[in-house]
Structure formats: C-alpha cells, structure tokens
Amino acid sequence: MSVADKVLRLLADIAETGEVRENRDLRLFDLAVLDSLRTVELMVALSEEFGVEISPAEFDRSQWETPNRIVAYMESRVGT
C-alpha cells in the first residue's frame, strides 16, 4: 500500500467520509471536514502509521488544507 493510500484511508476514517478519496482537492477546513480535534486525531494516526513525529507546534494549516496536500506532506516526511 502506498503512502497516499495509507494517508487517504486514515483521513477517510477520521473524517468519516469517503469523499476525501474521491475529491483529493477537497477544502477540508473550509467545508468542516476537518476541525481541530480531527486534525489532532489525524496527526496521531499518521505518526503511528508511519513512525514519524508530527508535532502540533509545526502544524501549518496550508499544508493540510486538501487531501492532496496531506499526502504530499507525508510523502516528504517519510522520504518516498
């Protein structure tokens, strides 16, 4: 399973919608698909899945505003 597949699976589970897989340019915060609690849940899940530490202090909302951007962020973190 690719990094993108894993990220999208976790995101869909936490956001409780498969739409994040279908529309990878979905504006997650603007459409309230992600809120602060779900964002923290996603950070924890991604940290556990990939074995990388993601600190809320380094969170940049612009890097996490769409599924595609979250995938790109995680790919850069895990070195794919």
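Residues numbered from 1 in each chain as written. Predicted model: local features only at pLDDT ≥ 70, side-chain atom pairs only at ≥ 80, totals over all residues. Heavy atoms only, no water.

Regarding the overall build of the protein chain
Operational definition: Numbering of helices and strands runs from the N terminus; a helix is a DSSP stretch of H or I covering at least four residues, while a strand is a stretch of E covering at least two. This radius of gyration counts C-alpha atoms alone. The globule rule is 2.2 Å times how many residues there are, raised to the power 0.38. Partly exposed residues are those whose accessible area sits between 20% and 50% of the maximum for their type, while under 20% is buried and over 50% is exposed, using a 1.4 Å probe and protein chains only. In this description, accessible areas are obtained by the Shrake-Rupley approach with a 1.4 Å probe, and a residue is regarded as covered only by the protein chains that are shown. When charges are counted, Lys and Arg contribute as positive and Asp and Glu as negative, whereas His and the chain ends are disregarded. Think of each charge as sitting on NZ of Lys, CZ of Arg, CG of Asp or CD of Glu.
Within the protein chain, the regular secondary structure consists of four helices and zero strands. What you see in the protein chain, going N to C, is helices and strands ordered as α-α-α-α. Taken over the C-alpha trace, the protein chain has a radius of gyration of 11 Å; the compact-globule value for 80 residues is 12 Å, and the two agree within 12%. Along the longest, intermediate and shortest principal axes, the C-alpha atoms of the protein chain span 30 × 30 × 20 Å. Out of the 80 residues belonging to the protein chain, those deemed buried represent 40%. By element, 45% of the accessible surface of the protein chain is carried by carbon and sulfur atoms, the whole surface being about 4,500 Å². When the 9 positive and 16 negative side-chain charges of the protein chain are each reduced to one mean point, those points stand 3 Å apart.

Things to note about the packing of helix α3 (residues 36-50) against helix α4 (residues 67-78)
Applicable threshold: Between the N-to-C directions of two axes lies an angle of 0 to 180 degrees, each axis being a line fitted to C-alpha atoms and, for a helix, fitted only over the stretch in contact. Crossing handedness: left-handed means the near helix sits turned counterclockwise from the far one by under a right angle, and right-handed means the same turn made clockwise. It only takes one pair of heavy atoms within 4.5 Å for two residues to be counted as in contact. Just so you know the grouping, Ala, Val, Leu, Ile, Met, Phe, Trp, Tyr, Cys and Pro go in nonpolar, Asp, Glu, Lys and Arg go in charged, and all remaining residues, Gly too, go in polar.
At a closest axis distance of 12 Å, the pairing of α3 and α4 adopts a crossing angle of 35 degrees. Remark: the crossing between α3 and α4 carries right-handed chirality. Taking contact as the criterion, the partners of L42, L46 and F50 in α3 are, on α4, I70, M74 and V78. Along the lines of polarity and charge, the residues of the contact of α3 with α4 split into six nonpolar, no polar and no charged.

A few points about the packing of aromatic side chains
Selection criterion: Two rings belonging to Phe, Tyr or Trp (six-membered ring only in the last case) form a pair when the distance between their centres is within 6.5 Å. Interplanar angles under 30 degrees mark stacking, angles over 60 mark edge-to-face geometry, and anything in between is tilted.
Enumeration according to the criterion identifies three aromatic pairs in this entry. With a centroid separation of 6.3 Å and 75 degrees between ring planes, the pair formed by F29 and F59 is classed as edge-to-face. Here the residue F29 occupies a position in the loop between α2 (19-22) and α3, and F59 occupies one in the loop between α3 and α4, the gap between them amounting to 30 residues. Judged by its relative accessible area of 14%, F29 falls in the buried class. With a centroid separation of 5.4 Å and an interplanar angle of 50 degrees, the aromatic rings of W64 and Y73 are classed as tilted. When sorted by exposure, W64 lands in the same class as Y73, which is buried. Each residue in the set F29, F59, W64 and Y73 is aromatic and connected to the rest through ring pairs, giving one cluster.

Focus: the environment of W64
The topology assignment puts W64 in the loop between α3 and α4. In this structure W64 comes out as buried when scored by relative accessible area, which is 1%. Along the backbone, W64 and L28 are 36 residues apart, and their C-alpha atoms lie at a distance of 8.0 Å.

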